[in-house]
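# Structure assessment
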Amino acid sequence: MADKHKKIKETTAIALPMSPAREVMPNDNDISEKPVIKQAEKINGKTKHALKAEIAKKPNIKQVVMPLEGIHGAECVSKIESILFGMNEIDKASVHLPTKMAFINYDEELISSSEISDKIEKAGYKVLTVSSLAQTKEEDIELISIEKEKRMFFIKFAVSALISIFLLSDFFIGYSPYTLLMITAVVWLWCGSHFHIGFFKSLKAKSADMNTLVSLSSSVAYAHSAALAFSLLPGNINSHYQWHEIAMLITFINLGRWLEYRSKSKAGRAVSRLLKLAPRFARKINSDGEELHPVEEIKRGDRINLRPGEQVPLDGKIIKGYSAVDESFLTGESEPKDKGPSSRIYAGTINTSGGLEFKVTAVGAEMVLMKIVKSVRESHASKSSVQIAVNKISAYFVPVVFFIALTASVLWFRDLGLFMAVNIFAAVLASACPCAMGLAVPMAASVGFDRAAENGILINNADVLERAHKINVVIFDKTGTITEEKNKIVKIIPYEMNEKEFIKYLVSIQNKSEHPFAEAVRVFAAKRKIKPEASFSVEVFPGRGIRASVNGYKILCGNVELFESKKIIIPQKIRHDINELKDSIMLMAVKDVFKGYAVLSDNIRKEAFSLIKELKKMGITPIIASGDRLEAVKAVADKLNIEHYYSEILPEDKKQIILKNKAFSKKVIMVGDGFNDAAALAEADIGISLASGSDIAIASSDITLTRNNLSAVVDAIKISLMTHKIIKQNLIWAFVYNITLIPLAAGILYKPFGIIMPIYLAGAAMALSSFSVVMNSLRLRKIKI
């Protein structure tokens with residue numbers, strides 16, 4: 001767990017005490033002889049996720065996004081991050097190379113965003129704008145910047161390509177060296193100006209990057225040819241002008257950058273697509289009728305009229321009307337959902353049929369759509385341990401390459417003179433490609449995260465990509481996860497109380513609860529037109545039940561274990577009947593006297609059957625961990641052919657089950673509702689929460705599923721596995737390329753075979769390296785899940 005938390009605290013963990021009736025596992029999983037289990041690392045008694053959520057809630061901590069111009073490789077990323085990390089007022093900072101965006105959390109009482117921007121711009125980079133993570137503008141600044149740079153690289157490539165053709169014609173026509181010098185100067189100075197500007201900026205910042213390599217290689221070759229043209233150097237048999245080599249070097253590198261940016265503009269568009277889903281205007285209802293207003297002017301509580309075929313402009317609750325709403329972008333389900341009074345609707349979804357009137361419940365960053373945008377951007381901001389390691393290597397790469405180029409040129413100068421030294425120096429610099437290494441991880445991760453987001457899977461933690469391929473256990477919560485989210489009450493069994501009174505007390509105590517059983521009670525009562533009474537002194541027993549005061553009576557509702565702990569007597573006949581049931585039950589007591597129970601259906605999700613088969617096919621063991629009765633849990637496990645299950649456990653016990661599996665070197669995924677399962681989700685190697693509505697952003701989980709379909713669990717694992725595979729391919733290619741090409745450019749094959757790499761071929765190879773990494777990453781968009 002060292003990668004999930006900042007500080008490790010080791011304690012001796014006690015195996016979860018469970019009777020054989022509640023824990024069903026093979027005997028070889030007994031960990032009574034296991035000595036020490038590492039608990040989740042904590043800081044001041046809080047997990048990493050709890051701290052993250054706490055920091056985000058501080059009024060003086062502000063989260064912003066800064067699209068930047070002038071970033072070309074991992075060295076630029078490291079340079080900007082080192083500047084930001086050096087500022088004590090900044091809580092967290094990360095720069096995402098593919099989208100050229102800086103994600104910054106800072107204390108706005110100590111520093112302003114303009115001061116941070118100034119620091120970045122002094123290092124030679126341009127801050128295009130400052131916005132929140134969930135910006136509501138339709139324009140996507142970072143993509144506009146990428147498009148701008150793409151156009152610039154194409155124009156400079158086209159000009160340098162035409163000039164290169166002209167310079168090659170010199171072999172047939174024979175131009176004056178002064179004419180060639182002037183024409184080549186256009187390519188060197190203008191078509192390569194961005195490299196020279198970048199080089200001088202890096203000098204100012206006392207660093208080096210790809211611009212340094214290209215600028216120095218082309219400048220040294222141009223200076224050597226110019227010196228020959230003006231007879232400032234003695235010529236020899238090996239000396240000749242390098243006009244076309246210089247032009248072709250810059251042409252190939254500009255071509256590579258244009259292709260790279262062309263591909264980048266196709267990647268990372270998930271945020272842009274999401275932002276375009278939200279309409280700009282809404283029909284606000286007022287005393288004079290309805291009036292069209294920009295969504296920025298709409299406030300919570302305003303009433304909005306929505307016509308058939310229109311997109312929902314803001315999150316809200318329906319007041320009048322019935323319709324079917326297409327929520328495919330949110331849930332991944334193609335069939336529109338029926339909606340009526342009290343139903344919730346979300347910005348970006350489409351009203352397909354009837355007219356609706358709804359009250360606005362969330363605006364701006366509070367909307368589900370914007371929470372998804374924020375989640376996708378946060379995934380881009382996160383860095384895996386592999387990416388951090390690669391960035392550290394890249395920071396030393398350019399100085400090492402410069403040293404190799406200088407050493408090789410000195411050695412060749414001694415044997416074959418200045419021309420050979422210049423050629424070797426320029427070729428080594430031109431062939432080295434730190435960009436390929438810098439892009440290897442973030443480019444693949446960015447495309448993978450976007451592919452996941454398009455499938456209703458929000459990956460919140462980049463390290464998921466490194467853990468997914470090691471997973472061999474998946475633990476599921478039962479109620480609302482393995483079983484359908486909407487339970488139904490199938491039977492009411494009052495005891496010495498009439499049915500209507502029983503239902504009234506039951507709905508009164510459950511009215512404000514978020515548990516899936518509570519929703520079943522509310523629906524059951526509403527159909528019988530029984531309204532809840534006000535409840536006071538509400539006390540929740542996680543995983544067991546709830547207690548409150550209704551009309552002056554103390555009401556208790558929950559499972560058998562809760563009733564036994566409160567010493568409430570359950571009649572023997574009732575206990576016998578309960579034991580015969582395989583469904584979930586909910587007991588109720590008034591003034592500590594048993595008053596009956598409700599039986600709830602436990603319908604297994606249709607997709608759960610294929611999901612369990614798929615997991616087993618992948619060599620992953622499924623486990624159910626539930627607070628429900630043994631009979632109910634066993635019935636579900638038997639139907640799904642799941643051999644391992646736990647019943648009648650508390651939410652905190654699930655964390656111990658995860659630790660138990662980790663003691664056997666298992667890598668664990670926890671799939672839960674993100675509320676009662678927060679501790680277990682945080683403890684698991686990968687936490688996956690099924691979210692709906694306002695629960696879309698759950699801090700405890702590494703992955704949040706917005707699709708109301710359990711098959712997304714397997715899709716999340718598969719996308720993570722595919723992305724990890726692409727990252728490995730990218731890194732192998734980038735390192736093998738540099739390890740192979742740099743020695744070739746240094747002239748290792750010249751003496752035995754007479755082979756030397758021309759400068760322009762070195763530049764072409766550099767361009768191909770970065771482009772191939774980008775194209776390989778884009779394969780993730782097409783690979784079938």
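Preceding block: the structure.
Here we summarise the structure given alongside this text. This one's a predicted model, so the numbers in the text were calculated from it and none came from an experiment. (Residues numbered from 1 in each chain as written. Predicted model: local features only at pLDDT ≥ 70, side-chain atom pairs only at ≥ 80, totals over all residues. Heavy atoms only, no water.)

### Observations regarding the overall build of the chain
If you tally the helices and strands in the chain, you get 28 helices and 27 strands. Each of the 785 residues in the chain was classed as buried or not, and the buried ones make up 55%. A total accessible area of about 34300 Å² is found for the chain, and carbon and sulfur atoms account for 57% of it. (Helix = DSSP H or I, 4+ residues; strand = E, 2+ residues; numbered from the N terminus. Buried < 20%, exposed > 50% of the residue type's maximum accessible area, 1.4 Å probe, protein only. Areas by Shrake-Rupley, 256 points an atom, 1.4 Å probe, with all protein chains shown as cover.)

### A closer look at the sheet that holds strand β10 (residues 323-326)
Read across the sheet, three strands follow the order β11-β10-β13 without closing on themselves; strand pairing throughout is antiparallel. The outermost strands of the open sheet, each flanked by one partner alone, are β11 (337-339) and β13 (350-351). (Pairing = 2+ DSSP bridges.)

### Some remarks on the environment of V127
Relative to the helices and strands, V127 is located in strand β5 (residues 126-127). When sequence neighbours within four positions are dropped, the list of residues in contact with V127 reads M66, P67, L68, S117, I120 and E121. (Contact = heavy atoms within 4.5 Å.)

### Examining the nonpolar core
Nonpolar side chains tend toward joint burial in soluble globular proteins. Among the nonpolar cores identified, the biggest contains 131 residues, and I104, I116 and I120 are the most heavily contacted of them. Broken down by element, this core gets its largest block of residues, 15 residues, from helix α26 (residues 712-745). If we ignore the near neighbours within four places in the chain, the residues touching I120 are M66, L68, I80, L84, I104, Y125 and V127. Residues F502, I503, A520 and I530 belong to the second largest nonpolar core, which totals 25 residues. (Core = buried A, V, L, I, M, F, W, Y, C linked by side-chain atoms within 4.5 Å.)

### Concerning the pairing of strand β8 (residues 303-306)
On a regular strand, one side chain projects to one face of the sheet and the next to the other, so that they alternate. Judged from the two bridges that link them, strand β6 (residues 281-286) and β8 form a sheet pairing that is antiparallel. Residue pairing across strands places R283 opposite N305, the latter belonging to β8. Examined bridge by bridge, β8 and strand β14 (residues 356-362) share four bridges and lie antiparallel to one another. In the strand pairing of β14, L306 is matched with L356.

### Description of the pattern of salt bridges
All chains considered together, the criterion is met by 23 salt bridges. Of the charged contacts in the structure, one is a salt bridge between K284 and D302, with a shortest N-O distance of 3.8 Å. Here K284 is found in strand β6, whereas its partner D302 is found in the loop between β7 (289-294) and β8, with 18 residues between them in sequence. According to the relative accessible area criterion, D302 is buried, its value standing at 15%. (Salt bridge = Lys/Arg side-chain N within 4 Å of Asp/Glu carboxyl O.)

### Looking at the sheet that holds β8
If you walk across this open sheet you meet the six strands as β7-β6-β8-β14-β9-β12, and the pairing is antiparallel. The open sheet is flanked by β7 and β12 (344-345), the only strands paired with a single partner. The pairing of β6 with β7 spans six bridges and is antiparallel. Paired with I285 across the bridge in β7 is E290.

### Some thoughts on the pairing of strand β16 (residues 473-476)
Because side chains alternate across β16, one face comprises the buried residues V473 and I475, and the other comprises V474 and F476, equally buried. The pairing of β16 with strand β23 (residues 621-625) spans four bridges and is parallel. Bridge pairing links I475 to I623 in β23. Relative to strand β25 (residues 668-672), β16 is paired through four bridges, and the arrangement is parallel.

### Focus: helix α22 (residues 606-617)
Residues of α22 that are buried: E607, A608, L611, I612 and L615. The buried side chains of α22 occupy one side of the element, clustering within an arc of 140° when seen end-on. Away from the buried face of α22 by more than 90 degrees, exposed residues K606, K613 and K617 are located. Next to the buried residues of α22 lie β16, α17 (478-482), β23, α23 (630-640) and α26. Two residues or fewer past α22, G619 is found with a positive phi of approximately 80°. (Arc of directions from axis to C-beta.)

### Re the packing of aromatic side chains
As enumerated under the stated definition, the model contains 13 aromatic pairs in all. Note on F157 and W258: the rings are 6.4 Å apart at their centroids and 5° apart in plane angle, and the pair reads as stacked. One end of the pair, F157, is in helix α4 (residues 141-168); the other, W258, is in helix α9 (residues 243-264), with 101 residues separating them in the sequence. You can call F157 buried: its relative accessible area is 17%. Take W258: its relative accessible area is 18%, and that puts it in the buried class. Geometrically, the ring pair formed by F199 and F200 is tilted, given 5.5 Å between the ring centres and 40° between the ring planes. Put simply, the rings of F154, F157 and W258 touch in pairs and so form one group of aromatic residues. In this arrangement the basic side chain of K504 is found over the ring face of Y505, its NZ or CZ atom lying 5.4 Å from the centre. Here R528 stacks its cationic end above the ring of F524, 3.6 Å away from the centre of that ring. (Phe/Tyr/Trp six-rings, centres within 6.5 Å; stacked < 30°, edge-to-face > 60°. Lys NZ or Arg CZ within 6 Å of the ring centre and 35° of its normal.)

### Description of the packing of helix α6 (residues 177-191) against helix α8 (residues 210-229)
Remark: α6 packs on α8, axes separated minimally by 10 Å, with the N-to-C direction vectors making an angle of 165°. Looking at the two axes, α6 sits roughly antiparallel to α8. Between α6 and α8 lies a crossing whose hand is left-handed. On α8, the residues touching P177, Y178, L181, T184, A185 and W188 of α6 are S218, S219, Y222, A226 and A229. Its residues assigned to classes, the contact of α6 with α8 comprises eight nonpolar, three polar and no charged. (Axes fitted to C-alpha atoms, helices over the stretch in contact; angles between N-to-C directions. Parallel < 35°, antiparallel > 145°, perpendicular 65-115°, else oblique. Left-handed = near helix turned anticlockwise from the far one by under 90°. Nonpolar A, V, L, I, M, F, W, Y, C, P; charged D, E, K, R; others polar.)

### So, the packing of α8 against helix α14 (residues 418-431)
Any two packed helices are characterised by how steeply their axes cross, that is the angle between the axes, and by the distance between the axes. α14 packs onto α8 with a crossing angle of 160° between their chain directions and a minimal axis gap of 8 Å. With respect to α14, the axis of α8 lies roughly antiparallel. Where α8 crosses over α14, the two elements pack in a sense that is left-handed. Contact with α8, carried on its side by L213, L216, S217, V220, A221 and H224, involves L418, F419, V422, F425, A426, L429 and A430 of α14 and no other residues of that element.

### A short note on a nonpolar patch on the surface
On the surface, a cluster of nonpolar side chains totalling about 360 Å² of accessible area is made up of F154, I155, V186 and W190. At the level of elements, α4 and α6 are the ones that each hand at least two residues to the nonpolar patch. Within the secondary structure layout, V186 lies in helix α6. When its relative accessible area of 40% is taken as the criterion, V186 is described as partly exposed. (Patch = residues over 30% accessible without salt bridge, like charges linked within 9 Å, V, L, I, M, F, W, Y side chains within 5 Å.)

### Regarding the side chain of N559
By the secondary structure assignment, N559 is in the loop between β20 (553-558) and α20 (560-565). You can call N559 buried: its relative accessible area is 12%. Within the structure, N559 has its side chain in polar contact with the backbone nitrogen of L562 (distance 2.9 Å). Every residue in contact with N559, bar those within four places of it in the chain, is listed here: G543, R544, L587 and G627. (Polar contact = N/O pair within 3.5 Å; in protein donor to acceptor, adjacent residues only side chain to side chain.)

### Quick word on the environment of D653
Turning to its location among the elements, D653 is positioned in helix α24 (residues 651-662). C-alpha of D653 to C-alpha of G627: the two residues are 26 residues apart in sequence and 9.4 Å apart in space.

### Looking at the side chain of E245
Considering the arrangement of structural elements, one finds E245 in helix α9. The charged side chain of E245 is buried without a salt bridge, its nearest counter-charge being K156 at 21 Å. There is a polar contact of 3.1 Å between the side chain of E245 and the side chain of H244. (Lys, Arg positive; Asp, Glu negative; His and termini not counted.)

### Examining α26
In this model α26 runs 48 Å from its N-terminal to its C-terminal C-alpha over 34 residues, within 8% of the 50 Å that 1.5 Å per residue would give. G747 lies just past α26 and shows a positive phi near 90°. (Expected span 1.5 Å × (residues − 1).)

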